[in-house]
Amino acid sequence: MAECIVITSGKGGVGKTTTSANLATGLALSGKKVVAIDADIGLRNLDVILGLENRIVYDLVQVIEGECRLKQALIRDKRVEGLSLLPAAQTRDKSSVRPEDMKKLVNDLKELGTDYIIIDCPAGIEQGFKNSIAGADRAIIVTTPEVSAIRDADRIIGLVEAHELPEPKLILNRYRPGLVARGDMMNREDILEILAIPLMGIIPDHEEIVISANRGSPVVFDELSVVGAAYRRIVRRVLGEEVEIPSFDVQDDGVWASFKRWMGLTAAREVV
Amino acid sequence: MMTSLISRIQSVLGEPRRGSSKDEAKQRLKLLLIHDQVDLSPAQLQAMKAELLDVIARYVEIDREAMEIRLSKEGGQVALVSTMPVRRVTSRAAAAAS
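This structure is a prediction, so every number in the text was calculated from the model and none was measured. (Residues numbered from 1 in each chain as written. Chains lettered and ligands numbered in written order. Predicted model: local features only at pLDDT ≥ 70, side-chain atom pairs only at ≥ 80, totals over all residues.)

Draft legend 1. Main features of the overall build of chain B. Helix and strand content of chain B: 4 helices and 4 strands. The secondary structure elements of chain B, listed N-terminal to C-terminal, are α-α-α-β-β-β-β-α. Evaluated residue by residue, chain B yields a buried proportion of 0% over its 98 residues. Counting contacts in chain B only where the partners sit at least 6 residues apart, residues at least 24 apart contribute 47% of the total. (Helix = DSSP H or I, 4+ residues; strand = E, 2+ residues; numbered from the N terminus. Buried ≥ 20, exposed ≤ 12 C-beta atoms within 10 Å, placed from the backbone. Contact = placed C-beta atoms within 7 Å.)

Draft legend 2. Inspection of the overall build of chain A at higher detail. Of regular secondary structure, chain A possesses 12 helices and 10 strands. Over its C-alpha atoms, taken along the principal directions, chain A stretches across nearly 60 × 40 × 35 Å. Out of the 272 residues belonging to chain A, those deemed buried represent 49%. Taking as baseline every contact in chain A between residues at least 6 positions apart, the subset at least 24 positions apart corresponds to 75%.

Draft legend 3. Local environment of the confidence of the model for chain B. For chain B, the mean per-residue pLDDT works out to 76, and 71% of the residues sit at or above 70. Per-residue pLDDT, averaged within each element of chain B, yields its smallest value for helix α1 (residues 2-12) of chain B (58) and its largest for helix α2 (residues 21-38) of chain B (87). (pLDDT = per-residue confidence, 0-100.)

Draft legend 4. Main features of the sheet that holds strand β1 (residues 3-8) of chain A. Residue and element names in this part refer to chain A. As summarised here, the arrangement of the 8 strands in space is β3-β4-β2-β5-β1-β6-β7-β8, forming an open sheet in which the pairing is mixed. A strand with exactly one partner marks an edge of an open sheet, and here the two such strands are β3 (75-76) and β8 (199-204). Taken together, the 5 bridges between β1 and strand β5 (residues 116-120) define a ladder with parallel strand orientation. Considered in β5, the bridge of isoleucine 5 is made with isoleucine 118. (Pairing = 2+ DSSP bridges.)

Draft legend 5. Fine view of the nonpolar core. Residues and elements named next belong to chain A. Residues Ile118 and Ile119 are the most contacted members of the largest nonpolar core, which totals 79 residues. The greatest single-element share of this core, amounting to 7 residues, is contributed by helix α11 (residues 226-238). Dropping the residues within four chain positions of it, isoleucine 119 is found in contact with Cys4, Val6, Ile7, Ile37, Ala39, Ser132 and Ala136. (Core = buried A, V, L, I, M, F, W, Y, C linked by C-beta atoms within 7 Å.)

Draft legend 6. Structural context of unusual backbone geometry. For A:Glu164, which is not glycine, the phi torsion reads 60 degrees and is therefore positive. Locating A:Glu164 in the fold gives a position in the loop between α7 (147-162) and β7 (169-175).

Draft legend 7. Representation of the packing of α7(A) against helix α9 (residues 188-195) of chain A within the structure. Residues and elements named next belong to chain A. Running from N to C, α7 and α9 point in directions that differ by 35 degrees, and their axes come no closer than 10 Å. Seen along the crossing, α7 lies across α9 with a hand that is right-handed. Taken together, the residues of α9 that come into contact with α7 (itself represented by Ile150, Ala153, Asp154 and Ile157) are Ile191, Ile194 and Leu195. Across the contact of α7 with α9, the residue classes break down as 6 nonpolar, no polar and 1 charged. (Axes fitted to C-alpha atoms, helices over the stretch in contact; angles between N-to-C directions. Left-handed = near helix turned anticlockwise from the far one by under 90°. Nonpolar A, V, L, I, M, F, W, Y, C, P; charged D, E, K, R; others polar.)

Draft legend 8. Spotlight on the environment of A:Val57. Relative to the elements of secondary structure, A:Val57 occurs in the loop between α2 (46-49) and α3 (60-64). Looking at A:Val57, the number of C-beta atoms within 10 Å reads 16, which means it is partly exposed. With residues near it in sequence (within four places) discarded, A:Val57 still touches B:Pro42 and B:Ala43.

Draft legend 9. Quick peek at helix α6 (residues 127-134) of chain A. Residue and element names in this part refer to chain A. Across the 8 residues of α6, 6 count as buried, placing the element largely inside the fold. Burial in α6 covers these residues: Gly128, Phe129, Asn131, Ser132, Ile133 and Ala134. Packed against the buried residues of α6 are β1, α5 (99-111), β5, β6 (138-143) and α7.

Draft legend 10. The arrangement of helix α1 (residues 16-29) of chain A in detail. All names here are of chain A. Along its 14 residues, α1 runs 20 Å from first to last C-alpha, staying within 8% of the 20 Å computed at 1.5 Å per residue. Counting buried positions along α1 gives 14 out of 14 residues, so the element sits mostly inside the fold. Where α1 terminates, the next one or two residues include glycine 31, which has phi positive at roughly 95 degrees. (Expected span 1.5 Å × (residues − 1).)

Draft legend 11. Focus on the environment of A:Lys71. All names here are of chain A. Within the secondary structure layout, lysine 71 lies in helix α4 (residues 70-73). Overall, the presence of 12 C-beta atoms within 10 Å leaves lysine 71 in the exposed class. C-alpha separation for the pair lysine 71 and lysine 11, spaced 60 residues apart in sequence, amounts to 32 Å.

Draft legend 12. Spotlight on the packing of helix α10 (residues 207-215) of chain A against α2(B). Axis separation between α10(A) and α2(B) bottoms out at 7 Å; the angle between their running directions is 40 degrees. The orientation of α10(A) with respect to α2(B), classified from their angle, is oblique. Seen from above, α10(A) lies across α2(B) with left-handed handedness. Every residue of α2(B) that contacts α10(A) at A:Ile211, A:Asn214 and A:Arg215 is listed here: B:Ser21, B:Lys22, B:Glu24 and B:Ala25. For the contact of α10(A) with α2(B), the class distribution of residues is 2 nonpolar, 2 polar and 3 charged. (Parallel < 35°, antiparallel > 145°, perpendicular 65-115°, else oblique.)

Draft legend 13. Highlighting the environment of A:Lys130. With respect to the helices and strands, A:Lys130 occurs in helix α6. Each C-alpha atom, one on A:Lys130 and one on A:Gly15, is 19 Å from the other, the two residues being 115 residues apart in sequence.

Here you go:
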């Protein structure tokens, strides 16, 4: 059955767009028909993270206003079968879209035979957020192990539940095992104790993310990448599989391990 | 894996890597910013290209398929840069000139 998942966080800059891109790509790599929607009207970026910015012809607002057909606006990703992007408008503002429009859009996509619709929600709790969750069946909250991000995540969890969506799940992003081991970063137990929602996955902070953003190629494509592997596990969980969430081994922060990683000889080892 | 190993060794030796991801990022970003400034959608750019071709075709015969039009930034100024391979000057244009 088709499902629409909104990726949200409250706070900006915690990795919503990167998460959306990797989740959408990963689901498509698993053989699903996926549409990623950039709901950040006026500040679109999902196109850039997916490396599809040069292929935009129509956008979400033009679809809603009837200037083009939905299918015309969908950009097919040539690297993976089944993935399309519906880009946001760059020169409009959030008031060009209403929650009813998003509901209709999501329903239309489901009727086109889409398996998963991933909505990249803008930061904040205003119109863009309301639009993004309107058509969603469930929400994934992205946070980082920082006070400000977790505070905003807590606020968003309340809002998601107020909109009568099922209990959201959490992705803990930019996790740094070395800092956690030293006691200078909140660990997963600390964060889950505060937010009290199920954990969907942990994404380690890694230079691979910078490089993949530079190139416009989601890291989930990279078979050797630790971060790619973490996203692939999240994809399997989204698909309903039970997959253990490993702790990232602090030993791998050591000099020899980083040297081997640097040489490209090993992917970072993980322990459960 | 070998290529990435070699490129990593090169980066240590101080050799600038060709096709490094930061160069790619900078190129993509420049193009994005130009398009954001000009606010011309690809659809509009295509329409403009077609109209330009119609006007120019009245004077010279150009290779429609090979024509290129793009936005570029030169010295802080966004410019429309176009390349139109000329096949020959049409007889009508030649007549008008004489």
